[in-house]
Amino acid sequence: MAEEADSCFLGFDFSTQQLKVVAIDGDLEVILQSSVQFDSELPEFRTRGGVHIHEDKLTVTSPALMFVKALDVLLEKMRSAGFDFSRVRAVSGSGQQHGSVFWRKGARQTLKHLDPQKHLHLQLQECFALQDCPVWMDSSTSDQCQFLEEAVGGAQRLADVTGSRAYERFTGSQIAKIYRSKPEEFSETERISLISSFASSLFLGDYAPIDFSDGSGMNLMDIFERRWSQVCLDSAAPQLADRLGDLTPSAAVLGCVSLYFSERFGFAQSCKVVAFTGDNPGSLAGMRLQEGDLAVSLGTSDTVFLWIRDPRPSIEGHIFCNPVDCSAYMALICFKNGSFTRERIRDECAGGSWERFSSALSSTPMGNHGNIGMYFDVMEITPPAVGVHRFNAEGQRVSSFEQDVEIRAVLEGQFLAKRVHAEKLGYKILPGTRVLATGGASSNKDILQVLSDVFNAPVYTIDVTDSACLGCAYRALHALEEETGASFSETLRNAPDPQLAVRPTPGAQEVYAPLMLRYAALEAQLLKDRQKSLHLL
């Protein structure tokens, strides 16, 4: 059908430092990419890295109007490049998780009656009760976190309901802080959006609901009932449900773009707005994870994304509703000691050479003769521990390893930790499991071989440049197909496949299954000893 062949789908990403867009056609080919850098292209907002870091060094915010003006600039750029907006059948997008926007009373009326002759930012500049919104880098709410956990019955209880223990960057604690520290601004607030639902509100010309997946990153939503948790709302602020509005499935079609966009840019009036979500859920869609898969991003810090059917929330990691399968979940685990730690061991034990690092891996056996190392150069998140801890095959502490042993120990220790903590959250390795590797270290085949062996699954590499944007363009397409009953993976069966890098070495499972149990026991003991020493202090 000519109309189908000519149609395209937009995915936006309102991230920390920039606003990006990707357009794909009906064949899933990327036909346009564009972006607006906040610091350099919108200098009037005086951000550094897209944010304002306040004097206390803990409070971190971004101007709400900056995101609006960035959208003005981006759409004008696309128009100047000759982009034909009338081809767009649906738009979706993502926003940096946890950030919130406080709309002033009366803003809804303004949104509903936008003048297509004027830029958005000129019309919305009086619409925010807070000019600067809290973002994910903020860590100023430890008192509110403590209060929330106590109100619910402890950290584990809060995780059982909302998918995570209380985190300073999560929206619930941020709202609680604003309610107490800025009562006037709070009482002026008509609606609180996440950055994702704020962005979809701009396209819709009305307040858009928060989607289940991004809503899972607030410490306010019951992720199993998929509705607000009253006890969490009450501990944050009074009458909060009215200010947050309803929740919606992540694949919901919210309506069509407002007349502003069709009259100013030539969008078809039938162009659909699909619920926007968080950037991490957007990336899960962009990486096209399926049940049983996990993605490992090997960067400055390492992040593990998991597709989970039966989650077991823990005080470590985060569980969110899955953005592309409403009956499933996704989990996210962050490990602070990533590439810097690997590079330190490379410098100390391989003279700074990855080649020598790799040959050390080839010369040592899987399982490293039973030696296990835990390398926490900085205070780790998962688990909360610090320091370097080495254990020999008998489980006794040792002060050092030979260089080749140390090299294998850092990788095995890091990857065993990822598998142990993934399984704690309810992750199961299935017969068709794939490990998708991204980030700097994913170009080193010898490192990937250890990853493959520890997980006993093939490792594939994927290019995740702009994965959140791409994922949201895919989600826009899928939302229109979903009415026919097509699953997300069926809709995307013709998308480019990840590249197979390595398969597990035969016998890996027999080596690493017992090692995993030993690692978990040693880590538990380490935490117990740490608690004891803190108690003595």
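If you're wondering where the values come from, they're calculated on a predicted model, not measured in any experiment. (Residues numbered from 1 in each chain as written. Predicted model: local features only at pLDDT ≥ 70, side-chain atom pairs only at ≥ 80, totals over all residues. Heavy atoms only, no water.)

Student: Explain the domain arrangement of the protein to me, please; I cannot follow it from the model alone.
Tutor: Interfaces are often sized by the accessible area lost when the parts come together. Split by domain assignment, the protein resolves into domain 1 (8–275) and domain 2 (288–462 + 506–536). Placing the centre of domain 1 and that of domain 2 at their C-alpha centroids yields a distance of 33 Å. The partner domain 2 presents 17 residues to the 21 residues of domain 1 that form the contact. Here domain 1 and domain 2 share an interface that buries about 1,500 Å² over both sides, 54% of which is from carbon and sulfur atoms. The largest contributions to the domain 1 side of the interface with domain 2 come from Ser213, Phe224 and Arg226, which together make up 29% of the buried area. At the junction of domain 1 with domain 2, the criterion picks out zero salt bridges. Counting the contacts that link domain 1 with domain 2 gives nine residue pairs in polar contact (both at pLDDT 80 or more). Looking at the side of domain 1 that touches domain 2 element by element, the count peaks at five residues for helix 7 (residues 155–162). (Domains from an automatic or database assignment. Contact = heavy atoms within 4.5 Å. Buried area = accessible area lost by both parts, 1.4 Å probe. Salt bridge = Lys/Arg side-chain N within 4 Å of Asp/Glu carboxyl O. Polar contact = N/O pair within 3.5 Å; in protein donor to acceptor, adjacent residues only side chain to side chain. Helix = DSSP H or I, 4+ residues; strand = E, 2+ residues; numbered from the N terminus.)

Student: Just checking my understanding: could you explain a nonpolar patch on the surface for this structure?
Tutor: On the surface, a cluster of nonpolar side chains totalling about 280 Å² of accessible area is made up of Ile53, Trp136 and Met137. Along the chain, Trp136 falls in the loop between strand 8 (132–134) and helix 6 (142–152). (Patch = residues over 30% accessible without salt bridge, like charges linked within 9 Å, V, L, I, M, F, W, Y side chains within 5 Å. Areas by Shrake-Rupley, 256 points an atom, 1.4 Å probe, with all protein chains shown as cover.)

Student: Help me understand the UniProt feature "domain: Carbohydrate kinase FGGY C-terminal" (unreviewed entry) in the protein, please; the structure alone is not making it clear to me.
Tutor: The positions that UniProt labels "domain: Carbohydrate kinase FGGY C-terminal" (unreviewed entry) are, in the present scheme, residues 294–479. From the first C-alpha to the last, residues 294–479 spans 23 Å; its make-up is 36% helix and 23% strand. (UniProt positions renumbered as here; feature names shortened; annotations may be inferred.)

Student: Honestly, the nonpolar core in this entry has me stumped. Any pointers?
Tutor: What tends to happen in soluble globular proteins is that the nonpolar side chains get buried as a cluster. Residues Ile175, Leu220, Trp228, Leu240, Leu244, Leu306 and Leu451 are the most contacted members of the largest nonpolar core, which totals 85 residues. With 10 residues, helix 18 (residues 403–424) is the single largest residue contributor to this core. Built from parts of two domains, this core gets at least three residues from each of domain 1 (8–275) and domain 2 (288–462 + 506–536). Those residues in contact with Leu240 that sit more than four places away from it in its chain are Ile175, Phe186, Ile192, Leu220 and Leu233. Counting residues in hydrophobic clusters, the runner-up holds 55 residues, among them Val51, Leu114, Phe128 and Val273. (Core = buried A, V, L, I, M, F, W, Y, C linked by side-chain atoms within 4.5 Å. Buried < 20%, exposed > 50% of the residue type's maximum accessible area, 1.4 Å probe, protein only.)

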